[in-house]
Amino acid sequence: MKTEVEHKLISKQINPTANRMLVLDFLLDQRSAISLTDVERGLVPTDRVTLYRTLKTFEEKGLVHSIDDGSGAPKYALCADDCDAEGHHDLHLHFYCNTCSETYCLPKTQIPKVQLPANFQAGEISLLIKGLCDKCNSIA
Ligand SMILES: [Zn+2]
Ligand SMILES: [Zn+2]
Ligand SMILES: [Zn+2]
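So, here's what we can say about the structure. (Residues numbered from 1 in each chain as written. Chains lettered and ligands numbered in written order. Predicted model: local features only at pLDDT ≥ 70, side-chain atom pairs only at ≥ 80, totals over all residues. Heavy atoms only, no water.)

**Some points on the overall build of the protein**
Now for step 1: Scanning the protein for helices and strands turns up five helices and six strands.
Now for step 2: For the protein, the α and β elements follow one another from N to C terminus as α-α-β-α-α-β-β-β-β-β-α.
Now for step 3: Judged by the C-alpha coordinates and their principal axes, the protein covers about 50 × 40 × 30 Å.
Now for step 4: For the protein, buried positions account for 34% of its 140 residues. (Helix = DSSP H or I, 4+ residues; strand = E, 2+ residues; numbered from the N terminus. Buried < 20%, exposed > 50% of the residue type's maximum accessible area, 1.4 Å probe, protein only.)

**Some points on the sheet that holds strand β3 (residues 75-78)**
Now for step 1: An order of β1-β3-β2 is seen for the three strands of this open sheet, with the pairing classed as antiparallel. Two strands close off the open sheet at either side, each with one partner strand: β1 (34-35) and β2 (64-67).
Now for step 2: Running over the sheet, helix α2 (residues 18-28) touches β1, β2 and β3 and is turned about 85° from β3.
Now for step 3: Against the sheet, helix α4 (residues 48-60) touches β2 and β3, its axis set at about 105° to β2. (Pairing = 2+ DSSP bridges. Contact = heavy atoms within 4.5 Å. Axes fitted to C-alpha atoms, helices over the stretch in contact; angles between N-to-C directions.)

**As for the coordination of the zinc ion (ligand 3)**
Now for step 1: Note on the zinc ion (ligand 3): its protein donors are H65 (NE2), H92 (NE2), H94 (NE2) and C105 (SG). The metal-donor distances range over 2.0 to 2.2 Å.
Now for step 2: One can describe the site at the zinc ion (ligand 3) as tetrahedral: its four donor atoms subtend angles covering 102 to 115° at the metal.
Now for step 3: Classification of C105 as partly exposed rests on a relative accessible area of 23%. (Donors = N, O, S within 2.8 Å, 3.2 Å for Na, K, Ca; no water. Tetrahedral: all angles 85-135°; square planar, octahedral: opposite > 155°, others 65-115°.)

**Considering unusual backbone geometry**
Now for step 1: The step from V44 to P45 runs through a cis peptide bond, and the omega angle for that step is 10°.
Now for step 2: Turning to its location among the elements, P45 is positioned in the loop between α3 (36-42) and α4.
Now for step 3: We note that Q13 has phi near 60°; this positive angle belongs to a residue other than glycine.
Now for step 4: Phi angles above zero are rare outside glycine, and S101 is one such case at about 60°.

**Here's the deal with a nonpolar patch on the surface**
Now for step 1: There is a patch of nonpolar side chains on the surface, built from V114, L116 and F120 and spanning about 320 Å² of accessible area.
Now for step 2: On the secondary structure map, L116 appears in the loop between β5 (103-110) and β6 (128-131). (Patch = residues over 30% accessible without salt bridge, like charges linked within 9 Å, V, L, I, M, F, W, Y side chains within 5 Å. Areas by Shrake-Rupley, 256 points an atom, 1.4 Å probe, with all protein chains shown as cover. Salt bridge = Lys/Arg side-chain N within 4 Å of Asp/Glu carboxyl O.)

**Description of the environment of L36**
Now for step 1: Relative to the elements of secondary structure, L36 occurs in helix α3.
Now for step 2: C-alpha separation for the pair L36 and Y52, spaced 16 residues apart in sequence, amounts to 6.6 Å.

**As for the environment of F95**
Now for step 1: Tracing the sequence through the fold places F95 in strand β4 (residues 92-97).
Now for step 2: Looking at F95, the relative accessible area reads 16%, which means it is buried.
Now for step 3: Taking the C-alpha atoms as reference, F95 lies 8.7 Å from L132; in sequence the two are 37 residues apart.
Now for step 4: Sequence-distant contacts of F95, defined by excluding residues within four places in its chain, comprise E102, T103, Y104, L106, L128, I129, K130, G131, L132 and C133.

Shape descriptors only; they carry no functional weight alone.
Here it is, written out as structure tokens:
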């Protein structure tokens, strides 16, 4: 019997090693995007280099996408099923909460189409909104 984690790795053409299953399992537990340091803290004693390589493999294979929220370190979040090694299709907004410093994927909120000046060609597109998340807003 294959576990859900194993299945997810195989569906993205990733060889399900013990370390990879561990990292994916941890990612599935998160409500917000996490940095390499968060993964390292959560999965002691796995070493940082191994975790870094694992996240890079996940990103290349379309399992996670990285988010630059301006905090200095990229954060990682799971992709939708339609991302693969050919490319990412995570054209959703990301939200950074100024209060709890968490970064969230907002998969239901797509990046609107933008009009670029002539001869400007878009490569990667990302849109980050900073503000107050639902959790912090309900405490305030
Ligand atoms: Zn993706
Ligand atoms: Zn918050
Ligand atoms: Zn995202």
